[in-house]
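Results of the structural survey
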Number of protein chains: 2
Amino acid sequence: MTPPPTSSTSSSLSPQDALGLRTALAAARKSYAEGGVPIGASLVLPHPPGEPSGAPVVLGQGHNSRVQLDSPILHGETAALLDAGRLKAEVYRQATMYTTLSPCSMCSGAILLYKIPRLVIGEHHNFVGDEELLRSRGVDVVVLDDPECIDLMERFIREKPEEWYEDIGEVPPAQQ
Amino acid sequence: MTPPPTSSTSSSLSPQDALGLRTALAAARKSYAEGGVPIGASLVLPHPPGEPSGAPVVLGQGHNSRVQLDSPILHGETAALLDAGRLKAEVYRQATMYTTLSPCSMCSGAILLYKIPRLVIGEHHNFVGDEELLRSRGVDVVVLDDPECIDLMERFIREKPEEWYEDIGEVPPAQQ
Ligand SMILES: [Ca+2]
Ligand SMILES: [Ca+2]
Ligand SMILES: [Zn+2]
Ligand SMILES: [Zn+2]
């Protein structure tokens, strides 16, 4: 018997990575429940600023809000950055961004703007963003094959293709 | 005698480009007056959708709102995209983005996400963003040397270096 799909990814992750992915996925599920694009993200520090012996801390988390707030710029990653608020350059440089789906050009650019050194991606089966650009500029990009992230996104694209293609600036295949 | 600095740029622009730059600069000046980062942008179509004989139309405009709204993701360009609201892929593909300053990685990525084919930059003396990436991916990038854009940004960086360096994810030189 194969184990249930979630345990394979979760069990191999560090506590920080498990926290970051779990937070991002919870935000994505919340968006799905609201009828929105189910992509979530979180920005995580290995420990609270000034407390090197402390546990990992979530600075911000959020989800795509195209549907909920009519926003073309609130993707999971930008929503997590907004939730984290104004931070000094030094803080971003110690953080990891977690996202349920490979980041689009805008969100990849946001990671580059703030020089976030590490990105953990839940999956890139449903969409491949600017991972190679990020790697070419020195970002440590880790791609998981998380079955929960894959299933959630697959279901959404099947159910609401118009919203999905709008979100990535593409003409839906049926209209091409 | 040299002519006053603004007339040289304005007089050489097409009506659409003059509208786009003027709108972006007005948004930047508004932000400056509010104590914010004075970078503005506008998203412009050559004519209203479905009215090919109509005049150029501003779909959205906005300014950096780091200071005003504590937002690390509302730059001029993303604010203009937010103001324009949810648009179909086809609309972005007919638009031009105008910005008073060379776009950072995030805003360059937003232009790539939505496949906006043309970008007009007020100036790149004070900051050079991802212009080369945009060109390498087929965006028609036009850089003006608008003296009003240059002066406004120069003044701001001199007056509020901390806000400026925070906005581009950099450690201020004095702290390095
Ligand atoms: Ca996202
Ligand atoms: Ca800007
Ligand atoms: Zn994105
Ligand atoms: Zn920007």
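Just above, that's the structure.
Residues numbered from 1 in each chain as written. Chains lettered and ligands numbered in written order. Predicted model: local features only at pLDDT ≥ 70, side-chain atom pairs only at ≥ 80, totals over all residues. Heavy atoms only, no water.

1. Section: the side chain of Thr 96 of chain B
Here is the rule: Note on conventions: DSSP H or I runs of at least 4 residues are helices, E runs of at least 2 residues are strands, and numbering of each starts at the N terminus. In what follows, a contact means two residues having at least one pair of non-hydrogen atoms within 4.5 Å.
Among the structural elements, Thr 96 of chain B can be located in strand S3 (residues 96-99). Not counting chain neighbours up to four residues away, the residues in contact with Thr 96 of chain B comprise Gln 16, Ser 42, Leu 43, Val 44, Ile 116, Arg 118, Leu 119 and Val 120 of chain B.

2. Description of helix H6 (residues 105-113) of chain A
Convention followed: Under the scheme applied here, a residue whose accessible area is under 20% of the maximum for its type counts as buried, over 50% as exposed, and between as partly exposed, the area being computed with a 1.4 Å probe on protein chains only.
Burial within H6 of chain A is extensive, with nine of its nine residues counted as buried. Within H6 of chain A, the full set of buried residues consists of Ser 105, Met 106, Cys 107, Ser 108, Gly 109, Ala 110, Ile 111, Leu 112 and Leu 113 of chain A. Those residues of H6 of chain A that are buried are in contact with helix H4 (76-84), strand S3 (96-99), strand S4 (118-121) and helix H7 (131-136) of chain A together with helix H6 (105-113) and helix H9 (161-167) of chain B. Just downstream of H6 of chain A lies Lys 115 of chain A, where phi reads positive at about 55°.

3. Concerning unusual backbone geometry
Residue and element names in this part refer to chain B. Of note, Asp 70 is a non-glycine position whose phi angle comes to about 50°, a positive value. Assignment of secondary structure puts Asp 70 in the loop between helix H3 (66-69) and helix H4 (76-84). A residue is classified by how much of its surface remains accessible, and Asp 70, at 46% relative accessible area, is partly exposed. Unlike most non-glycine residues, Lys 115 shows phi in positive territory, near 50°. Relative to the assigned elements, Lys 115 resides in the loop between H6 and strand S4 (118-121).

4. Side note on the relation of the copies chain B and chain A
Which entries qualify depends on this criterion: When the copies are superposed, the least-squares fit draws on C-alpha atoms of residues that have pLDDT of at least 70 in both.
Structural alignment of chain B on chain A gives an RMSD of 0.0 Å, achieved by rotating through 180° and translating 0.0 Å along the axis. Such a combination of turn and shift is consistent with a two-fold rotation axis.

5. A few points about the packing of H4 of chain A against H6 of chain A
All names here are of chain A. Rules: Axis definition: a line fitted to C-alpha atoms, limited for helices to the stretch in contact. Angles are taken between N-to-C directions and run from 0 to 180 degrees. Under this scheme an angle from 65 to 115 degrees is roughly perpendicular, one under 35 degrees roughly parallel, and one over 145 degrees roughly antiparallel; angles in between are oblique.
Following both chains from N to C, one finds H4 and H6 inclined at 40°, their axes separated by 8 Å at the closest point. As far as their axial angle goes, H6 and H4 are oblique. Where H4 approaches H6, its residues Glu 77, Thr 78 and Leu 81 are matched on the opposing element by Met 106, Cys 107 and Ala 110.

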